[in-house]
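Chains, contacts and geometry: an overview
Below, each chain spelled out in residue letters.
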Amino acid sequence: MPHQDQDTSLRHRLGRTLRTPIGVTALTACLLVALVAVFGPVLLGDQAARIDTDAINQGSSAAHLLGTDQLGRDIAARVVVATRLTLRLTLLAAVIGVGGGLLLGVAPAVVGRRLGRLITATVGVLVAFPGLLFLLFLATIFGVGSTGAVFAVGLAMVPPMARLVQNLAASIAGSDHVAAARILGVGRFKLVVRHLLPNIAEPSVLFATQAAGGILVAFSGLSFLGLGVQPPEYDWGRLLNEQLNRIYVNPAAALAPGAAVVLTGLMFGLVGEVLAQAGGRRAPQAREATPQQQVKPQDETAPDGDGGALVRARDLRVTFPGGRQAVRGISLSMGVGEAVGLVGESGSGKSLTALALADLVPHPGRVCAGTLRFDGHDLRADPRLGTELAMVFQDPMASLNPALRVGRQLTEVAEVHLGATRAQATARAVDRLGAVRIPSPERRARQRPHEYSGGMRQRAVIAMGLMGESKLIIADEPTTALDVAVQQQVLDLLAEVREDSGAALLLISHDLAVVAQVCERVLVMYGGLIVEDLPVAQLAGGAAHPYTRALVGAVPTMATDPGTELATIPGRPPEPGEAGAGCPFAPRCERARERCHDDAPGLAGFGPGRQVACWYPVDAVTTGAPDRATSHGAEATS
């Protein structure tokens, strides 16, 4: 509705904030200072400059509210007139400090790793240097006077501003929506303007406005020391210097410039608080993170033919420093329009496998494969997938940019990759939101992610994947944080999307019931390996690998006796790089024998449409499958 749309706008939130006590106070203070700065020199300029030898060093009186100085000039008029120059120099120094801080702050997130580290280290050294000494050092370099003081104070503000922006930008640069923007081919300038700066604007503005008060104090301090404004010009700091020796004779004359500095500094702080409240969002948590890097897989062998598969990977590995392999050489394929489930315990390598297919493995992970192809395209040579692959992450708020409207985030896909105009892209975004059953899509497209419920945010992420012509949708735990009713809606939606678009689906989940409802085939992962590949119809009663059967047995059903103790799998899964020479599940397997601890089985055929990586699969005799302990060769590596 129009009123609700207006309620979400920054202008409306700012208007509401200005009606609060703190908003009224800040607005009144700003108007008062602005009026004094604009009209003070016009109305009182002559009086402030008039020399009266008959009224030298007088105290407070009706004619001179704060008394006169050593030349008989009215001190009150001079304090008022000094407002314009003081504010102008303060704001100029603030522009230098904020501008330089933003440039150095966002640079490590967009430049190369080495240059980014150099910038970060330089800022760290400057921040560690005592601020007052740094300011005096710069003031000495730039020399005495207004211009030198502006540059000295402004540059002294750059390091702390840059450090804040670096921390904030690092946390945003590691988000999924920034990784998606990189995949879309968004340029560095747009990446900064559209995805980084809007998300760090609130804390940055708050810091800048509060720092402006510090700049005012620092500038006045330089003038007080004789390093800033020089005669015949004067600011509040110089007036304080001139009257300090008379503080015991005429305290009002000395305290008035100081009071002006303090009150104006408080005004800057109030302005920052109002802007922060009007932003309507908390400042992002500054955590240790590094910008995501695009990791190109190493070319090991010539690519194979696809054999009609949409996705084909052979000997896919994801390695981290120290030789730790989280994905240890798996092979998989998916047909056009096929729905495949990827299941396993946490840490088994499911999500990293999906990220490797999408070229989103975070630094310092390294991806390599003998074959890695998508729709006939060799991803090792060129990992860019455009809009043919859509990824639905577990946390939709990490995938959606909180600073942009949902519709704008959807239109970016159509504009960048499909060459659509803004109007065409907007129309398609509304249509896609309606396709995923979001009510009132026109209105919802103008809202931001925080105004959506959890289920609606997940649908919006699915709609983003449908903006192009997706041939594969990777859904990484899309229902984990949702209640049962919303889970069912998301699953039904994924099924409808597959039916309407013909896209294949790779569903990653811990919930076997979810996989059984949506998928046609199941890949079971353990310790970075695929240990079984079987049709979903055989998951409940026909699994051959002991690990798969243990997973199924650990899930209670409606027929489970309420008093029955839930089944568990003893032990723990191996950490990346911890697996030995044998089967990774052998330490936890009741069927394990000596060979299982010494020799790792590969993934091999086990009946029609099935593969298993086990020397002694369950029901091998009754199904007519060969005994892997005697007949298995090295047909395939998983």
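Scroll up for the structure.
These numbers come from a predicted model, not from an experiment.

A count of helices and strands for the protein gives 23 helices and 14 strands. Looking at the 638 residues of the protein, the share that counts as buried comes to 50%. Put simply, 69% of the contacts in the protein that link residues at least 6 apart link residues at least 24 apart.

This part takes up the packing of aromatic side chains. For the structure on display, the rule yields five aromatic pairs. Between Phe129 and Phe134, the ring centres sit 6.2 Å apart and the planes meet at 75°, which makes this aromatic pair edge-to-face. For Phe129, a relative accessible area of 43% gives the class partly exposed. Its relative accessible area of 12% is what places Phe134 among the buried residues. Clustering of aromatic rings is evident, with ring pairs tying together Tyr526, Tyr547 and Phe585. Taking NZ or CZ as reference, Arg444 lies 5.7 Å from the ring centre of Tyr452, over its face. We note Arg593 situated over the ring of Tyr616; from NZ or CZ to the ring centre the distance is 3.8 Å.

A word on helix α10 (residues 236-243). For α10, the tally of buried residues reaches six of eight residues, placing the bulk of the element in the interior. Within α10, burial applies to Trp236, Gly237, Arg238, Leu239, Glu242 and Gln243.

Looking now at the nonpolar core. Buried together is how nonpolar side chains tend to be arranged in soluble globular proteins. Residues Leu433, Ile462, Ile473, Leu507, Val522, Val524 and Tyr547 are the most contacted members of the largest nonpolar core, which totals 61 residues. When residues of this core are assigned to their parent elements, the largest contribution, six residues, is made by helix α18 (residues 484-501). Look past the residues within four positions of Leu433 in its chain and what remains in contact with it is Val406, Leu410, Ile438, Pro441, Ala445, Tyr452, Ala460 and Ala463. Counting 39 residues, the second-largest nonpolar core is a separate cluster that includes Ile330, Leu352, Val367 and Ile530.

What follows concerns the packing of helix α4 (residues 75-110) against helix α7 (residues 146-173). Between α4 and α7, the least distance of the axes is 5 Å, while the angle of their chain directions is 35°. The interaxial crossing formed by α4 with α7 has right-handed handedness. Tallied by class, residues from the contact of α4 with α7 come to 22 nonpolar, seven polar and no charged.

A grouping of Leu35, Val38, Phe39, Val42 and Leu43 is seen on the molecular surface, where their side chains present a nonpolar patch of about 520 Å² in accessible area. Looking at where Phe39 falls in the secondary structure, it is placed in helix α3 (residues 21-49).

Across the five residues that make up strand β10 (residues 504-508), a large majority, five, are buried. Neither face of β10 is left uncovered, since the one carrying Ala504, Leu506 and Ile508 and the one carrying Leu505 and Leu507 both have all their residues buried. Two elements, strand β4 (residues 339-343) and β10, share four bridges in a ladder whose sense is parallel. Across the sheet, the residue bridging to Gly341 is Leu507, located in β10.

On to the packing of helix α14 (residues 406-417) against helix α15 (residues 422-435), then. The geometry of α14 relative to α15 is characterised by a closest axis approach of 8 Å and an angle of 120° between their N-to-C directions. In terms of orientation, α14 lies oblique with respect to α15. Relative to α15, the crossing made by α14 is right-handed. On the side of α14, the interface is formed by Val406, Gly407, Arg408, Leu410, Thr411, Ala414 and Glu415, while α15 contributes Arg422, Ala425, Thr426, Ala429 and Leu433.

The next subject is the sheet that holds strand β12 (residues 529-535). Read across the sheet, eight strands follow the order β8-β9-β10-β4-β11-β12-β14-β13 without closing on themselves; strand pairing throughout is mixed. The two strands at the open ends of the sheet, each matched to only one other strand, are β8 (389-392) and β13 (604-605). Note that β8 and strand β9 (residues 472-476) share four bridges and pair parallel. By the bridge assignment for β9, Leu389 is matched with Leu472.

Turning our eyes to something else, we now look at the pattern of salt bridges. Counted according to the given criterion, the structure contains 16 salt bridges. Between Asp69 and Arg78 there is a salt bridge, with the nearest N and O atoms lying 3.8 Å from each other. The buried category is assigned to Arg78, whose relative accessible area is 4%. Here Asp375 makes a salt bridge to Lys471, at a shortest N to O gap of 2.4 Å. On the criterion of sequence distance, the pair formed by Asp375 in the loop between β6 (371-374) and β7 (377-378) and Lys471 in the loop between α17 (454-465) and β9 is long-range, its members being 96 residues apart. Owing to a relative accessible area of 34%, Asp375 belongs among the partly exposed residues under this scheme.

In this sheet, strand β3 (residues 324-334) lies alongside strand β2 (residues 311-320) in antiparallel orientation, the contact comprising eight bridges. By the bridge assignment, Arg312 is partnered in β3 with Ser333. Once β2 ends, the chain turns through three residues before running back antiparallel as β3, passing Gly322 with a positive phi of about 90°. By the bridge criterion, four bridges tie β2 to β6 in an arrangement that is antiparallel. Counted as the bridge partner of Ala313 is Leu372 from β6. As paired strands, β2 and strand β5 (residues 366-369) are joined by three bridges and run antiparallel to one another.

This brings us to the side chain of Gln166. Along the chain, Gln166 turns up in helix α7. In this structure Gln166 comes out as buried when scored by relative accessible area, which is 7%.

This paragraph deals with the environment of Glu415. Secondary-structure assignment places Glu415 in helix α14. Linking Glu415 and Ala425, residues 10 residues apart in sequence, is a C-alpha distance of 6.3 Å. With residues up to four places along the chain from it excluded, the contact list for Glu415 reads Arg408, Ala420, Thr421, Arg422 and Ala425. One polar contact links Glu415 to Arg422, side chain to side chain, over a distance of 2.9 Å.

Right, let's get into the state of the cysteines. For the coordinates displayed, the defined rule picks out zero disulfides. Just so you know, Cys596 is unpaired, no disulfide at all, and the nearest cysteine sulfur is the one on Cys614, 6.2 Å from it. For Cys596, a relative accessible area of 6% puts it in the buried group.

A cis amide bond links Pro231 with the next residue in sequence, Pro232, at an omega value of 10°. Along the chain, the position of Pro232 falls in the loop between α9 (188-224) and α10. Of note in this structure, Asp315 is not a glycine but carries a positive phi near 55°. Tracing the sequence through the fold places Asp315 in strand β2.

Procedures and definitions
Per-chain numbering applies: the sequence of each chain, read as written, is numbered from 1 onward. Local features in a predicted model are, by the rule used here, given only for residues with pLDDT of at least 70; side-chain atom pairs are given and counted only at 80 or more, and totals for whole chains, interfaces and linings are based on all residues. Hydrogens and waters are ignored; side-chain quantities use all the structure's heavy atoms. Put simply, DSSP H or I for four residues or longer makes a helix, DSSP E for two residues or longer makes a strand, and each gets a number counted from the N terminus. Here the term buried applies to any residue with accessible area under 20% of the maximum for its type, exposed to any over 50%, and partly exposed to those in between, with areas from a 1.4 Å probe on protein chains only. Only heavy atoms enter the contact rule, under which two residues are in contact if any of them lie within 4.5 Å. The rule is short: rings of Phe, Tyr and Trp, with Trp giving its six-membered ring, pair when the centres are within 6.5 Å, and they are stacked under 30 degrees, edge-to-face over 60, tilted in between. Sitting over a ring, as applied to charges here, requires NZ of Lys or CZ of Arg to be within 6 Å of the ring centre and within 35 degrees of the ring normal. Buried residues of nine kinds, namely Ala, Val, Leu, Ile, Met, Phe, Trp, Tyr and Cys, make up a nonpolar core once their side-chain atoms join them within 4.5 Å. Angular values range over 0 to 180 degrees, each being the angle between N-to-C directions of two axes fitted as lines to C-alpha atoms, with helices fitted over their stretch in contact. Crossings are classed by handedness, with left-handed meaning an anticlockwise turn of the near helix from the far one by less than a right angle and right-handed meaning a clockwise turn. When residues are sorted by character, Ala, Val, Leu, Ile, Met, Phe, Trp, Tyr, Cys and Pro go into the nonpolar class, Asp, Glu, Lys and Arg into the charged class, and all the rest, Gly among them, into the polar class. Each patch is built from salt-bridge-free residues with over 30% relative accessible area, joining like charges within 9 Å and nonpolar side chains (Val, Leu, Ile, Met, Phe, Trp, Tyr) within 5 Å. Here the Shrake-Rupley method, with its probe set to 1.4 Å, supplies the accessible areas, and only the displayed protein chains count as covering residues. One side-chain nitrogen of Lys or Arg within 4 Å of one carboxyl oxygen of Asp or Glu is enough to make a salt bridge. Note on pairing: two strands pair once DSSP finds at least 2 bridges between them. Orientation categories follow fixed angle ranges, with anything under 35 degrees roughly parallel, anything over 145 roughly antiparallel, 65 to 115 roughly perpendicular, and all other angles oblique. N or O atoms within 3.5 Å of each other form a polar contact, as long as, within protein, one can give a hydrogen and the other can take it, and as long as residues adjacent in sequence are counted only when both atoms are side-chain atoms. Throughout, disulfides are identified as pairs of cysteine sulfur atoms within 2.5 Å of each other.

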